[in-house]
Each structure stands twice: as C-alpha cells, then as structure tokens.
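# What the coordinates show
The chain contents come next:
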Amino acid sequence: MTSTADTSGARAHARAQAAAAAIATPTLPAEIDSARITFAQRIPAGGYANIALGRGTRVRLSDPAGAACAHLLLVRTDAPWERLNVADTVKVPWQAYLGSGHPLLSDQGRVLATVLTDTSGHHDALCGPTGRARHSLRLAGAKHGLEPRDIGPTVSFFRGVRVERDGALVPIGSAAAGSSVDLLVHLPVTVLVANSAHPLDDRPATDLDVVAWAAPEDLAVPGNDDPEYRRAVQNTEQAWAAALTLEAIA
C-alpha cells in the first residue's frame, strides 16, 4: 500500500484511487441530440446534486432500479430569496398529488418549473425531507452560497403518499423501475436534489438519474389549461421580461 505520510505518497495514493474509481453515468434519452444535453449525473443513494439551469431547460429525473427518492428544491438563481413554495404548489392548483401539468410554484405566484410528463405517479408534496436528505440539501445549497435557513420544504419524486379520509398520510411505495418525470424550467433556477429515503418509507434508496437539456420550444406549449396555471405563467413571463429589461439597461 502506498504510504500517505508525505505529499508525494498522498498524491500517488489519490491518483490511484481516482484511476480505479468507476463513475456511474446515467442513461441518456435516446430521442435527444447529445449536443443539447447540458447536465447528466447518476446520484447514488445518500448522494446529492446541485446545478444552475437556465430558462427553457428540460430536466428528466429517472428511477432506473425502482427505489430512488428525489427530494427536490428549486431556488431562483437571479433572486435567491424566491424559491419553491410547497404550500402554494399544492394550494394554487387545487391538487395535492403531483403529476403531469402540475406547476412548481414560488411564493411570488410564479412558475419555477412545470411537470411535463410523468410515468411514475408516486410522488409526495406533503411530508418534506428526512433529516439526512435535508443535510444533503444544505451541503448542495452551500455550493451556491445558500445558508441552512434557505433550505425549506421540498417535494419528493418516486415515493408516493396518499391522504386517508381521517387525514392520515399513507405511503404507497414506488412505481416500476425505469419510471421518469420531466420538468420544464420557466425561470433560471438552482436545482438542489438529494437521493435519500422518504420519511414514511425507510427503504434504502437506489440510483437516481438526472439529465437536463435545452428545450426552449417547450415554453410555447402550456402545461395545462387551468386558469390558475395561466395566471401563474403570466406572472412568470412579466417577471422574466422585467429582468431582461433591467439587464439591457445595465
């Protein structure tokens, strides 16, 4: 074994470890030109990712083995005091269960992202993250200058929860392996995601794939026709136009 008692030995050991490491990569979408892909990462159990994404980016979260749990928080990159508000995400669309067409809203009534497609149907916007997931999200956020106080409630993809008539929250597990969710980013956001067990489902997590690519054309297609969604999109477009005006003046 290489001695790490001096810097030369430590360097040799580190390089040997790096050479031997097998870095898992996600399966890329076959229908997407690889030149359009801006981010691709496989997140192991207990891992996390953090990435700043521009408006018009499409993000695919995938559950290749069938037991991932993606605790997701979105923070507006150019205005970090504006971030995902889970209460409004549930309240404004009159729907507690995430699925295709569901907006992920900020507390300013703006759409940070929309769920475009969903082949899982097993998600949660009620329980928030575990302590371990919150710790991972704090680490992810710190890389973008965020404080622990900035890490609020999250939504979770691929581990479902339903509400019983008496108000009890009941886990419904995961969908089949290979399930995925596509999100469309409406404003520049920093995406923080931790892959960890759910508060009501303590099964160990399996790998989570995250792939993002440029898809500005998707912004022209409404996520749904609900009046609440249309109003939130209008608020979002006004904010984006104002931001562009300020940038042009500066």
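Here we summarise the structure given alongside this text.

Moving on, we get to the sheet that holds strand β12 (residues 189-195). Taken in spatial order, the 5 strands make up an open sheet running β2-β12-β4-β8-β7, and their pairing is antiparallel. Because the sheet does not close on itself, it has two edges, and the strands there are β2 (48-53) and β7 (123-124). As paired strands, β2 and β12 are joined by 6 bridges and run antiparallel to one another. Note on β12: the bridge partner recorded for Ala52 is Thr190. Helix α3 (residues 131-142) contacts β2, β4 (70-76) and β12 of the sheet and is inclined by roughly 145 degrees relative to β12.

Moving on, we come to the pattern of salt bridges. Across all of its chains, the model carries 14 salt bridges by this definition. Between Glu237 and Arg55 there is a salt bridge, and its shortest N-O distance comes to 3.0 Å. Linking Glu237 in helix α4 (residues 227-249) with Arg55 in the loop between β2 and β3 (57-63), this pair joins segments that are 182 residues apart in sequence. Salt-bridge contacts for Arg159 lead to Asp201; the nearest nitrogen and oxygen are separated by 3.5 Å. Taken together, the residues span a long stretch of sequence, with Arg159 in the loop between β8 (155-157) and β9 (160-163) and Asp201 in the loop between β12 and β13 (208-214) at a distance of 42 residues. Summarising the burial analysis for this pair, Arg159 and Asp201 share the class buried. Salt bridges here are not isolated pairs; linked through shared partners, they connect Glu31, Arg58, Arg60, Asp182 and Asp218.

For the rest of this paragraph, the subject is the sheet that holds β3. Spatially, 6 strands are ordered β1-β13-β3-β11-β6-β5 in an open sheet, and the strand pairing comes out antiparallel. At either end of the open sheet lies a strand with only one pairing partner, and these are β1 (37-43) and β5 (103-105). Along the sheet, successive strands turn relative to each other by an average axial angle of 20 degrees, direction set aside. Relative to strand β11 (residues 179-185), β3 runs antiparallel, the two sharing 6 bridges. Within β11, the position partnered with Arg58 by the bridge is Leu184. Relative to the sheet, α4 contacts β5 and β6 (111-118), its axis offset from that of β6 by approximately 130 degrees.

Procedures and definitions
Residues numbered from 1 in each chain as written. Predicted model: local features only at pLDDT ≥ 70, side-chain atom pairs only at ≥ 80, totals over all residues. Heavy atoms only, no water. Pairing = 2+ DSSP bridges. Helix = DSSP H or I, 4+ residues; strand = E, 2+ residues; numbered from the N terminus. Contact = heavy atoms within 4.5 Å. Axes fitted to C-alpha atoms, helices over the stretch in contact; angles between N-to-C directions. Salt bridge = Lys/Arg side-chain N within 4 Å of Asp/Glu carboxyl O. Buried < 20%, exposed > 50% of the residue type's maximum accessible area, 1.4 Å probe, protein only.

Honestly, that's just the spatial picture; any functional story needs more than this.
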